[in-house]
Amino acid sequence: MSLYQNITEDKNKKLALLIDPDKFSAALVTKLAEKAGVDYLFIGGSIISEGNFHDCIKTLKKISMLPLILFPGNSDQVDASADAILFLSLISGRNADNLIGRHVIAAPSLKRTSLEIIPTGYMLIDGGRITSALYMSNTLPIPADKPDIAVSTAIAGEMLGLKLIYMDTGSGALNHVPCEMIKEVKRNISIPLIVGGGIRTPGDAVNICEAGADVIVIGTVAEKSPETFFQIVQSLKLKYTKN
Ligand code: 1GP
């Protein structure tokens, strides 16, 4: 079964741990992610200054059985030993490089890998501060109080043939994507919805899933408070795991 089929066909809510190569901790992955019941590892970053992306992937493949999905901040972040790549088009922005330019650069080498390519409409939503994702993308986010813009953008993404919508306020955002906006977007698309950025508590995670997220992505809390991260995973498993 492909990872995309796993996301679409298995109706349980899923949780992805986002690994920033700059803050990578093997202990966190082995002790926490594997045991707690995380579904996927995402790896990538808007900017990588100290960590080594490829070494990090090598280590992850050694220590973890979890599916490893590239969430690239730029066209350098491709590694054939991962399992899949979110082929992100930043559809909330009007920066041609992030809409199609970097894809053209990466496409020939991606074609030579056996990575599962998952075309993804990536939407940055205002989360109360300028995150690295926002700054590096050189785009404006969708205002948090404009669900109609988010809905129209997501519908257009689906009409263009994208297979996933990923709404993100960016790593370390002050606020997560508003639940009302998630509800409206979910009501208007039939492809799976990923939500990330600023999710800090079990309550946030459950509310976001109830609003319609199929997969939630968490990075900062796992680095700063592994215990809280563990509680978030447990609360989702308790509420959503069906036999
Ligand atoms: C960012 O969705 C991710 O792309 C994770 O965000 O680090 O705020 O959890 P946080």
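An account of the accompanying structure is given in this report. A quick note: this is a predicted structure, and the numbers were derived from the prediction, not measured.

### Digging into the side chain of S137
Thinking step 1. Relative to the assigned elements, S137 resides in helix α5 (residues 132–137).
Thinking step 2. Here S137 falls in the buried class, since its relative accessible area comes to 6%.
Thinking step 3. At 2.8 Å, the side chain of S137 forms a polar contact with the side chain of T139.
Thinking step 4. Every residue in contact with S137, bar those within four places of it in the chain, is listed here: L90, N95, N98 and L124.

### A short note on the site of the ligand
Thinking step 1. What surrounds the ligand is a group of 14 residues, the closest being D168, S171, G172, G219 and T220.
Thinking step 2. In the environment of the ligand, an oxygen atom lies 2.5 Å from a nitrogen or oxygen atom belonging to the side chain of D168.
Thinking step 3. Here an oxygen atom of the ligand and a side-chain polar atom of S171 are 2.5 Å apart.
Thinking step 4. Burial of the ligand by the protein chains amounts to 98% of its free accessible area of 310 Å².
Thinking step 5. Looking at the shell around the ligand, the elements with two or more residues in it are β6 (164–168) and β8 (215–218).
Thinking step 6. Looking at the shell around the ligand residue by residue, the class counts come to five nonpolar, eight polar and one charged.

### Some thoughts on the pairing of β8
Thinking step 1. Of the two faces of β8, the one lined by V215 and V217 and the one lined by I216 and I218 are each fully buried.
Thinking step 2. Relative to β8, strand β1 (residues 14–19) is paired through four bridges, and the arrangement is parallel. Considered in β8, the bridge of A16 is made with V217.
Thinking step 3. Bridge count for strand β7 (residues 193–196) against β8 is three bridges, and the pairing is parallel. Residue pairing in the sheet places I194 in a bridge with V215 of β8.
Thinking step 4. Handedness of the crossover joining β7 and β8 through helix α8 (residues 202–211): right-handed.

### Digging into the pairing of strand β2 (residues 40–43)
If a strand is regular, its side chains alternate between the two faces of the sheet.
Thinking step 1. Residues Y40 and F42 line one face of β2 and the alternating positions L41 and I43 line the opposite face, and both faces are buried.
Thinking step 2. One ladder, built from four bridges, connects β1 with β2; its direction is parallel. Residue pairing in the sheet places A16 in a bridge with Y40 of β2.
Thinking step 3. You can see the chain leave β1, run along helix α2 (residues 26–36) and come back into β2, and the turn it takes is right-handed.
Thinking step 4. Pairing of β2 with strand β3 (residues 68–70), which is carried by three bridges, proceeds in the parallel orientation. Counterpart to F42 in the pairing with β3 is I69.
Thinking step 5. Following the chain from β2 across helix α3 (residues 53–63) to the adjacent parallel β3, one finds a crossover that is right-handed.

### Quick look at the pattern of salt bridges
Thinking step 1. The final tally for this structure, using the stated rule, is seven salt bridges.
Thinking step 2. The salt bridge partner of K23 is D20, with a shortest N-O separation of 3.7 Å.
Thinking step 3. For D20, a relative accessible area of 17% puts it in the buried group.

The rules we used
Along each chain, numbering runs from 1 in the same order as the chain's sequence is written. At least 70 in pLDDT is required for a residue's local features to be given in this predicted model, at least 80 for side-chain atom pairs to be given and counted, and no such filter applies to totals for whole chains, interfaces and linings, which use all residues. Think of the side-chain values as coming from all heavy atoms in the structure, minus any hydrogens and water. Every helix listed is a DSSP run of H or I at least four residues long, and every strand listed is a run of E at least two residues long, numbered separately from the N terminus. Buried, partly exposed and exposed residues are distinguished by accessible area as a fraction of the type maximum, computed with a 1.4 Å probe on protein chains only: under 20%, between the cut-offs, and over 50%, respectively. Contacts described as polar in this section are N or O atom pairs within 3.5 Å, which, within protein, must combine one atom able to donate a hydrogen with one able to accept it, while residues neighboring in sequence count only if both atoms come from side chains. Contacts were defined at the residue level, with two residues in contact if any of their heavy atoms lie within 4.5 Å. In these notes, residues near a molecule or strand are those with any non-hydrogen atom within 4 Å of it. Only the protein chains shown count as covering a residue, and every accessible area follows the Shrake-Rupley method with a 1.4 Å probe. When residues are sorted by character, Ala, Val, Leu, Ile, Met, Phe, Trp, Tyr, Cys and Pro go into the nonpolar class, Asp, Glu, Lys and Arg into the charged class, and all the rest, Gly among them, into the polar class. By definition, two strands form a pair when at least two bridges between them are found by DSSP. A clockwise course of the path from the first strand over the helix to the second, judged with the strands pointing away from the viewer, identifies a crossover as right-handed. Salt bridges are identified by distance alone: a Lys or Arg side-chain nitrogen within 4 Å of an Asp or Glu carboxyl oxygen.

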